[in-house]
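Given next are the chains, with one letter for each unit.
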Protein chains: 2
Amino acid sequence: MPTIFTGRVVAGPRDERAALLVFDPGAVVVEAGRVAWIGPREALPSTWAREAFARIDAPLVTAGLVDAHTHAAWVGSRHEEYVMKLRGEGYEAIAARGGGIAASMRAVEQASVESIADALAARLARMASLGVTTVEVKSGYGLRAALERRQLEAIARVSARADRPRVVATYLALHALPPEARGSDAARAAHVAAAIALVAELARAGLASFVDAYVDRNAFSVDEARPLGDAARAAGLGVRLHIGQFADVGGAELAAALGAASGDHLESTSRAGLDAMARANVAATLLPLASFVLGQAPPDVAAMRAAGLRLVVASDANPGTAPSESLPLAMAFAARLYGLSTAEVILGATRNAALALGLPDRGQLVVGAPADLVAWDLPHEEALLQPWGVSRARLVLRDGAPIHEASRVDA
Amino acid sequence: MPTIFTGRVVAGPRDERAALLVFDPGAVVVEAGRVAWIGPREALPSTWAREAFARIDAPLVTAGLVDAHTHAAWVGSRHEEYVMKLRGEGYEAIAARGGGIAASMRAVEQASVESIADALAARLARMASLGVTTVEVKSGYGLRAALERRQLEAIARVSARADRPRVVATYLALHALPPEARGSDAARAAHVAAAIALVAELARAGLASFVDAYVDRNAFSVDEARPLGDAARAAGLGVRLHIGQFADVGGAELAAALGAASGDHLESTSRAGLDAMARANVAATLLPLASFVLGQAPPDVAAMRAAGLRLVVASDANPGTAPSESLPLAMAFAARLYGLSTAEVILGATRNAALALGLPDRGQLVVGAPADLVAWDLPHEEALLQPWGVSRARLVLRDGAPIHEASRVDA
């Protein structure tokens, strides 16, 4: 039986100039998990109006949100580091003392596949309650091959659940050095080589769609990350890179050379780097929760627009620099702190995010697309940018089936 | 049957120096709606251990959060103003064009008591889901006597519900001028006089516990607000004031002279004003969501500490400058943007907030106190300060009865 949603409907991009296609009043017909019709309500064909159907009136209907950068498969908590950062201690200084990523590595080391999967499943349910229907989830807290695989197996387990957002798995191969790789250049090189060697095996096992590396001054170099990218391409996997978070070490140019799907962070990336990304059609993924927590200045969004980059907004959900589970909060920050327009924010968290994850049929409501859809308890897409700090999603569908429904709180 | 909560228990203030009393592992016994015992788990008297009881293990247990400054009885949405503010238009400029508070007045004018109460009840349910058990709710979107009363009647209706947070009603008598009061000094004076004349009537009807005024350069003067405060005291009501949000026009000294429970905002308040507040034991209520939305610099927290002021953190939930329903998000901002310590934030959103609302038995877990309590899905009170953007409360009790329980998302 088809379901008809009526209300203000944000369908997706209207054109290439970052404008939204809106029908108000609009209608969306969902049937067999897909969008069967969308348009102005008064144009709804009588064939749909005649059929038996369920009808849901909502103030606002949009495509499901797509969170294109998360480390959501973490376990444990790093609240004590958060307080250190508030007191002015640097992220890189905390990491140098064995905190940061290494602390999350110790937590993964002590966790089973089941307990990592349980933590991720609970987190994805909370994300679904916020209107998120697709989540990219990175490994990167294993650091050693066996533990990276453990994290990716946990991700695969949750990925199989239809009652959670769709998961896109990324092997974050070069994130930080495990203790045993810190002693010498040789040990470091061995770690990088082992991380690269794992790519083909993970691809064969179907455990990752993308490979990622953290390219920055106190992380990994362009020369270390390039062969990783080559290995990913050779294995048929996509590439995404953390670049320019603290310093520009050439990550943007590498992303362009590798044909990466996205370059993420970009607070310190040069204009030349941004231009290189734009020429290679690499998306620019903005992570304003992380820069808020770190007290950083915004990236150069004006230069990104001038370069013609596709902008993506993501949560960066992670236990250190973005201890959050809310893409809507990242959207509010992108508007307030980075100056993105309403359309840039909405497209950055739907259509552009889906494209950057290699999911061309997601992130917009068009006929034939899978029905990933949110009915909001908000009257207008501009209200979506406000820092609610709580779920305003009434009903969230993935492939036409509910993955979140708000309790009737006004009963 | 008593219920025993075990876990890390934050009981309340340890002393006058803004430190927390924590039992880890601790236990809290709830019986007949009150805290029957609290302390280290190993000291739990065998009399409790012997009885039949329900036992709930939670990583973290705190007193229920107390939101001491909200305008939560609004209807409608002002998302288009939010986007104007993002584009750099000033709040006062928007207000001068008939936007801002006057826009919310028009929405109240067109709403019934029922529809205002429904909007508030839904909002309070979402606040409860965030761990909030007491909410101060102001009128102030009626502006005219009949509409102010309509808003307060809606607040009273929701206040009667045991399945929502406790409500403390405030008559925000001087918030903005209705259109008919803008023409002349005489019309303005008549509005102020009518607002003051309403105080005794509302007090007799039991519709408000506090009276409030917005004292600022483009709002109301100290001379206009003083007789309002006098009327409140004469009617047996408490006073709280919006002061120093944009300019210091002497609001802090007025708050001190009136013996106000709290002075709120304070971004522009002088040190002399803060000292006057401290001498008169007026609490300092910080509203970081509003200053975030308005792009303001933080208030002078160091001067507040030096003055010995009691700090309160509140959401300021309102449709214009803080379109949010999240006290936890305000807490995260107080830590990140205002530099408050963990203990300052927690006490500011529990014990100090309760004291500023005239509720000496709330905001801490002590034997005999009503059991307003939250079991969190977080391991430590430091993790409460992180910008989650989603509910992390597992179970929320008001007077010992659940007003929110998370669905078992990890099932």
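Conventions used here
Residues numbered from 1 in each chain as written. Chains lettered and ligands numbered in written order. Predicted model: local features only at pLDDT ≥ 70, side-chain atom pairs only at ≥ 80, totals over all residues. Heavy atoms only, no water. Salt bridge = Lys/Arg side-chain N within 4 Å of Asp/Glu carboxyl O. Helix = DSSP H or I, 4+ residues; strand = E, 2+ residues; numbered from the N terminus. Buried < 20%, exposed > 50% of the residue type's maximum accessible area, 1.4 Å probe, protein only. Domains from an automatic or database assignment. Contact = heavy atoms within 4.5 Å. Buried area = accessible area lost by both parts, 1.4 Å probe. Polar contact = N/O pair within 3.5 Å; in protein donor to acceptor, adjacent residues only side chain to side chain. Nonpolar A, V, L, I, M, F, W, Y, C, P; charged D, E, K, R; others polar. Pairing = 2+ DSSP bridges. Axes fitted to C-alpha atoms, helices over the stretch in contact; angles between N-to-C directions. Right-handed = clockwise from strand over helix to strand, strands pointing away. Least-squares fit on C-alpha atoms with pLDDT ≥ 70 in both. Phe/Tyr/Trp six-rings, centres within 6.5 Å; stacked < 30°, edge-to-face > 60°. Lys NZ or Arg CZ within 6 Å of the ring centre and 35° of its normal.

A. Summary view of the pattern of salt bridges. Within this structure, the stated rule accounts for 58 salt bridges over all chains. Between E180 of chain A and R144 of chain A there is a salt bridge, with the nearest N and O atoms lying 2.7 Å from each other. Highlighted residues: E180 of chain A in the loop between β7 (166-174) and α7 (185-204) and R144 of chain A in the loop between β6 (132-138) and α6 (145-159), separated in sequence by 36 residues. Its relative accessible area of 26% is what places R144 of chain A among the partly exposed residues. E114 of chain B is paired through a salt bridge with R157 of chain B; the nearest N and O atoms lie 3.0 Å apart. Of this pair, E114 of chain B sits in helix α5 (residues 113-129) while R157 of chain B is found in helix α6 (residues 145-159), placing the two residues 43 residues apart along the sequence.

B. Spotlight on the domain arrangement of chain A. Residues and elements named next belong to chain A. Under the domain assignment used here, chain A contains domain 1 (3-63 + 363-405) and domain 2 (65-356). Using C-alpha coordinates to define each centre, domain 1 is positioned 30 Å away from domain 2. With 27 residues of domain 1 at the interface, the matching set in domain 2 holds 25 residues. Carbon and sulfur atoms supply 68% of the area buried between domain 1 and domain 2, which totals about 2,100 Å² over both sides. Among the residues domain 1 hides against domain 2, the three largest losses belong to L385, R398 and I403. Together they make up 31% of the total. Applying the counting rule to domain 1 against domain 2 returns one salt bridge. The partner of D399 in a salt bridge is R166, with the nearest N and O atoms 2.6 Å apart. Here domain 1 is connected to domain 2 by five residue pairs in polar contact (both at pLDDT 80 or more). Only β1 (3-13), β13 (373-376), β14 (393-398) and β15 (401-405) provide two or more residues apiece to the side of domain 1 that touches domain 2. In terms of residue count, β14 provides more of the side of domain 1 that touches domain 2 than any other element does, four residues in total. The residue inventory of the side of domain 1 that touches domain 2, partitioned by class, reads 16 nonpolar, six polar and five charged.

C. Focus on the sheet that holds strand β9 (residues 238-243) of chain A. Residues and elements named next belong to chain A. Strand order in the open sheet made by the eight strands is β5-β6-β7-β8-β9-β10-β11-β12, with parallel pairing throughout. With one partner strand each, in any of the chains shown, β5 (65-67) and β12 (311-313) form the two edges of the open sheet. Along the sheet, successive strands turn relative to each other by an average axial angle of 25°, direction set aside. Of the pairings in the sheet, the one linking β6 to β7 comprises five bridges and is parallel in character. Of the residues in β7, the one forming a bridge with E136 is V168. This element, helix α9 (residues 251-258), spans β8 (210-215) and β9 of the sheet and lies at about 175° to β9.

D. Broad picture of the interface of chain A and chain B. Residue-level contacts link 49 residues of chain A with 49 residues of chain B. Summed over both partners, the interface of chain A with chain B buries about 3,900 Å², with 63% contributed by carbon and sulfur atoms. Inspection of the chain A/chain B interface yields four salt bridges. Among the salt bridges present, the one from D377 of chain A reaches R126 of chain B, with a minimum N-O distance of 3.0 Å.

E. Quick peek at the pairing of strand β11 (residues 283-286) of chain A. Residue and element names in this part refer to chain A. Side chains A283 and T285 project from β11 onto one buried face, and the interleaved A284 and L286 project onto a second face that is buried too. Relative to β11, strand β10 (residues 262-265) runs parallel, the two being bridged by three bridges. Along β11, the bridge assignment pairs D264 with T285. A crossover connection joins β10 to the parallel β11 through helix α10 (residues 271-279); in handedness this β-α-β unit is right-handed. Summarising the sheet, β11 and β12 pair through three bridges and their orientation is parallel. Within β12, the residue paired with L286 across the bridge is V313.

F. Here's a closer look at helix α2 (residues 79-86) of chain A. Buried residues dominate α2 of chain A, accounting for six of its eight residues. Buried within α2 of chain A we find H79, E81, Y82, V83, K85 and L86 of chain A. Looking at the buried side of α2 of chain A, the elements it contacts are α3 (91-96), α4 (101-109) and α11 (288-294) of chain A together with α13 (327-336) and α14 (342-348) of chain B. Two residues or fewer after α2 of chain A comes G88 of chain A, characterised by a positive phi angle close to 105°.

G. The arrangement of the relation of the copies chain A and chain B in detail. For the match of chain A to chain B, the screw axis carries a shift of 0.0 Å, the RMSD comes to 0.0 Å, and the turn is 180°. The symmetry that links the two subunits is that of a two-fold axis. Closest to the rotation axis within chain A is the C-alpha of G389 of chain A, separated from it by 2.1 Å. Both copies contact each other with a shared surface, as 100% of the interface residues of chain A are interface residues in chain B too.

H. The arrangement of the environment of A54 of chain A in detail. All names here are of chain A. The residue A54 is located in strand β4 (residues 54-63) in this model. Classification of A54 by relative accessible area gives partly exposed; the value is 27%. Distance from A54 to A278, taken between C-alpha atoms, is 44 Å for residues 224 residues apart in sequence. Once residues within four sequence positions are removed from consideration, A54 is found in contact with M1, P2, T3 and I4.

I. Structural view of the packing of aromatic side chains. Counted according to the given criterion, the structure contains seven aromatic pairs over all chains. Pairing F292 of chain A with F333 of chain A gives two aromatic rings, centres 4.6 Å apart and planes at 55°, and the pair type is tilted. With F292 of chain A in helix α11 and F333 of chain A in helix α13 (residues 327-336), this residue pair connects regions lying 41 residues apart in the sequence. Overall, the relative accessible area of 6% leaves F292 of chain A in the buried class. You can call F333 of chain A buried: its relative accessible area is 0%. Through successive ring pairs, a cluster of aromatic residues spans F292 and F333 of chain A together with F292 and F333 of chain B. Note that R123 of chain A overlies the ring of W74 of chain A, its terminal NZ or CZ placed 3.5 Å from the centroid.

J. Fine view of the sheet that holds β15 of chain A. Residues and elements named next belong to chain A. Taken in spatial order, the seven strands make up an open sheet running β3-β2-β1-β4-β13-β14-β15, and their pairing is mixed. Taken across any chain shown, the strands that pair with only one partner, and hence form the sheet edges, are β3 (34-40) and β15. The sheet shows a mean angle of 35° between the axes of neighbouring strands, direction not considered. Relative to β14, β13 runs antiparallel, the two being bridged by four bridges. Counterpart to W376 in the pairing with β14 is A393.

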